[in-house]
Amino acid sequence: MPGLTEENVPFVQRFFVFWDRVGILLAFLVVCVIFGALNPVFFNPLNILNVIRQVSIIGVIAVGMTFVILLGGIDLSVGSVVAFAGIIAAGFQVKWGGSLFLSVVVPLLIGGGIGFMNGFVSTKGQLHPFIVTLGSMSIFRGATLLVAQGKPISGMSPAFRFIGAGMVGPIPFPVILFLGCVIIAGMVLKRTVFGRYIYAIGGNEEAALLSGIMVERYKISAFTILGFLSGLSALILTSRLNSGELVAGQGYELDVIASVIIGGTSLMGGEGGVYGTLIGALLIGVVSNGLNLLGVQPYWQMIVKGMIVILAVLLDKLKRRFRTV
Amino acid sequence: MKKILGSILIVVLLGSLLLGVAGAKDLTIGLSFPSLSFAWFAFLEQAVKDKAAQLGGIEVISLEAENNVSKQISIIEDMIVKGVNGVLLVPIEVEAVIPAVEALNKANIPVVTVDRRIKEGAPVQVLCHVGADNTEGGRNAARYIVEKLTEKYGEPKGTVIELTGTPGAGPAIDRSAGFNEIIKQYPNITVKSQTANFRRDDGMKVMEDFIMSTPQIDAVFGANDEMILGAIQALQASGKFKVEDVITVGFDALPEALKLIEEGTLDATIEQFPGKQASTAFEILVKFLKEGATPEKPVILIEPKVITKANLNEAEKSF
């Protein structure tokens with residue numbers, strides 16, 4: 001094979017190499033510029049903080065989902081976990097003694113515990129996580145109703161309300177939590193053995209297994225991280241709404257998975273990363289916020305979101321095809 | 001062989017025992033409603049059970065359908081198999097549940113609809129519909145806002161945000177239609193509408209965006225209390241508007257909304273008396289089953305009422 005120089009690499013191939021690096025960021029910036037031109041309020045710093053805060057609830061879960069999808073897995077139960085952990089948090093705040101410590105720690109542990117179970121059952125039972133988490137999605141929606149007895153639980157303490165509604169200087173606290181998760185996850189994935197093994201397993205599970213990586217352990221860990229972060233998201237949501245809601249988190253799985261995929265993490269596993277997920281989540285949030293600011297009918301938001309997801313997956317597929325030409 | 005015979009005997013005995021227990025009640029009534037995820041239906045279910053306990057000798061089989069139409073149809077089919085005497089039905093959707101009502105008609109089981117009705121002119125028999133007038137409730141909310149705007153500016157003018165319910169849901173359509181019918185009569189009032197899907201988190205999010213895009217907000221109408229409660233959170237956090245300066249109106253008179261009215265944060269909510277609806281419907285059904293009495297009118301609409309701090313005691317629930 002003759003050496004590939006800039007001139008004889010086909011244009012499409014170069015385009016996809018370029019897209020792989022900065023494509024999603026570019027698309028995001030273009031969308032922002034368009035919305036900003038249509039409505040100057042869009043670039044108001046208050047609005048920008050607004051969007052990141054709105055995104056943080058989905059975004060925190062999407063960070064965890066990145067780990068699971070990097071390993072070629074999927075988790076549909078995240079929305080139900082948010083509802084269940086949220087109602088537990090609200091329960092400890094309002095009904096069971098009002099301890100701040102318990103209302104923060106127990107939901108996080110429950111989230112992590114559910115994630116662990118999802119991972120454990122799907123790896124040890126050799127079941128597709130799609131099926132296992134479809135089951136837990138139903139289980140924990142039901143458990144939420146059971147605990148709440150059909151009524152939302154409202155009235156959190158001021159200290160608890162800080163998690164979702166507090167400000168550190170001009171920055172909303174949920175934004176700090178979200179960006180903190182992104183940075184930590186980014187470092188774990190790029191700089192640690194744990195992270196490198198996740199890419200190795202996602203890229204070629206059999207090879208990883210043969211080279212002695214404890215594949216199952218990594219998969220269970222990824223699901224546990226995701227469950228824990230779903231619990232964190234539940235704390236932010238419950239605190240912001242001042243209420244544990246029964247319909248909380250319904251449909252979140254779609255936005256979360258969409259964020260990860262739009263951010264360039266491949267559903268086949270092994271490729272992508274958490275910074276892409278950050279941009280993916282922001283893109284979804286910006287589209288919804290921009291269309292709201294313009295007063296566009298809500299139906300369009302759903303249509304636009306769906307088209308972005310399909311486009312993102314299509315680009316991923318094309319990228320793979322042209323890379324192997 | 002002996003073992004098998006023995007098992008059969010045990011099953012038969014147990015079965016007759018169970019039947020015997022079921023037979024201890026005079027009537028069995030099935031209650032099918034959309035979802036327990038909304039406090040509204042949980043309240044309705046409780047009202048029916050209370051009424052049943054009060055009348056005595058009636059067993060209520062209550063099943064929720066997770067807001068899933070096909071699930072509601074299979075629940076009703078199961079009820080027919082179980083041999084309930086009558087069914088109290090809150091249809092998820094106006095049309096999709098019609099086959100199940102047809103099956104009930106065929107099995108000669110009377111059905112009364114509550115809150116939401118079946119499409120008018122459908123070829124099925126419904127003993128009676130007891131419900132709220134959602135359109136009138138929307139009109140009442142608009143009248144209240146017009147009145148308050150007139151107090152504020154000396155004439156009806158200003159900017160009003162309308163948070164509508166789930167697109168396509170009957171109550172969402174009717175409440176919005178009634179609201180706009182009245183408010184559109186005042187050319188100096190600007191209405192901006194967006195859906196928040198009857199959900200608190202969406203209510204907050206959509207309101208945050210309105211706060212950014214709208215220089216002056218005079219009033220907010222949420223087509224249910226969940227949405228207005230979310231909008232109030234957004235207003236309180238905004239720093240741009242004071243929630244006390246904005247006229248806020250919800251719908252449903254949930255305990256949490258009533259509490260905020262008492263505190264002065266929320267201005268009004270619309271009461272549709274779900275308890276009265278449910279117990280009236282239940283009574284009509286039981287009366288028909290016991291005495292064969294058909295109701296005087298095929299449709300009974302209970303008048304909605306605006307609840308403010310002045311008439312909090314007229315609300316059905318308390319907090």
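### Re the interface of chain A and chain B
1) Next: Tallying the contact residues gives 28 residues for chain A and 22 residues for chain B.
2) Next: Contributions of two or more residues to the side of chain A that touches chain B are made by helix H2 (45–70), helix H10 (215–241), helix H12 (274–293) and helix H13 (298–323) of chain A.
3) Next: Here the side of chain A that touches chain B gets four residues from one element, more than from any other, and that element is H2 of chain A.
4) Next: When grouped by side-chain class, the residues that make up the side of chain A that touches chain B number 13 nonpolar, 12 polar and three charged.

### Points about the domain arrangement of chain B
For interface size, the figure often reported is the accessible area lost on association.
1) Next: By the assigned domains, chain B splits into domain 1 (26–126) and domain 2 (134–271).
2) Next: Between the C-alpha centres of domain 1 of chain B and domain 2 of chain B there is a distance of 32 Å.

### Topic: the sheet that holds strand S6 (residues 158–164) of chain B
All names here are of chain B.
1) Next: The strand order across the open sheet built from four strands is S7-S6-S8-S9, with neighbouring strands paired in parallel fashion. The open sheet is flanked by strand S7 (189–195) and strand S9 (247–249), the only strands paired with a single partner. Strand-to-strand, the axes of this sheet are offset by a mean angle of 15 degrees, without reference to chain direction.
2) Next: Direction of pairing for S6 relative to strand S8 (residues 219–222): parallel, over a ladder of four bridges. When the sheet's bridge partners are listed, Glu 162 is paired in S8 with Phe 221.
3) Next: Along the sheet, helix H7 (residues 200–213) contacts S6, S7 and S8; its crossing angle with S6, the most-contacted strand, is approximately 155 degrees.

### A closer look at H7 of chain B
1) Next: In this model, H7 of chain B (14 residues) spans 20 Å end to end at C-alpha, consistent with the 20 Å of a helix rising 1.5 Å per residue.
2) Next: The element H7 of chain B is extensively covered by neighbouring structure, given that 13 of its 14 residues are classed as buried.

### Section: the pairing of S6 of chain B
All names here are of chain B.
1) Next: Within S6, six of the seven residues are buried, leaving the element largely enclosed by the surrounding structure.
2) Next: When S6 meets S7, the two strands line up parallel, connected through seven bridges. Along S7, the bridge assignment pairs Glu 162 with Ser 193.
3) Next: Of the crossover connections in this fold, the one passing from S6 over helix H6 (residues 170–183) to the parallel S7 is right-handed.

### Here we look at H6 of chain B
Residues and elements named next belong to chain B.
1) Next: The end-to-end C-alpha distance of H6 is 20 Å, a good match for the 20 Å that 14 residues give at a rise of 1.5 Å each.
2) Next: Listed as buried for H6 are Pro 171, Ala 172, Asp 174, Arg 175, Ser 176, Gly 178, Phe 179 and Ile 183.
3) Next: If you follow the buried residues of H6, they end up packed against helix H5 (134–153), S6, S7 and S8.

### Describing the environment of Glu 95 of chain B
1) Next: Structurally, Glu 95 of chain B can be placed in the loop between strand S3 (86–89) and helix H4 (98–106).
2) Next: Distance in space between the C-alpha atoms of Glu 95 of chain B and Ile 189 of chain B is 36 Å, their sequence separation being 94 residues.

The rules behind each value
- Residues numbered from 1 in each chain as written.
- Chains lettered and ligands numbered in written order.
- Predicted model: local features only at pLDDT ≥ 70, side-chain atom pairs only at ≥ 80, totals over all residues.
- Contact = placed C-beta atoms within 7 Å.
- Helix = DSSP H or I, 4+ residues; strand = E, 2+ residues; numbered from the N terminus.
- Nonpolar A, V, L, I, M, F, W, Y, C, P; charged D, E, K, R; others polar.
- Domains from an automatic or database assignment.
- Pairing = 2+ DSSP bridges.
- Axes fitted to C-alpha atoms, helices over the stretch in contact; angles between N-to-C directions.
- Expected span 1.5 Å × (residues − 1).
- Buried ≥ 20, exposed ≤ 12 C-beta atoms within 10 Å, placed from the backbone.
- Right-handed = clockwise from strand over helix to strand, strands pointing away.

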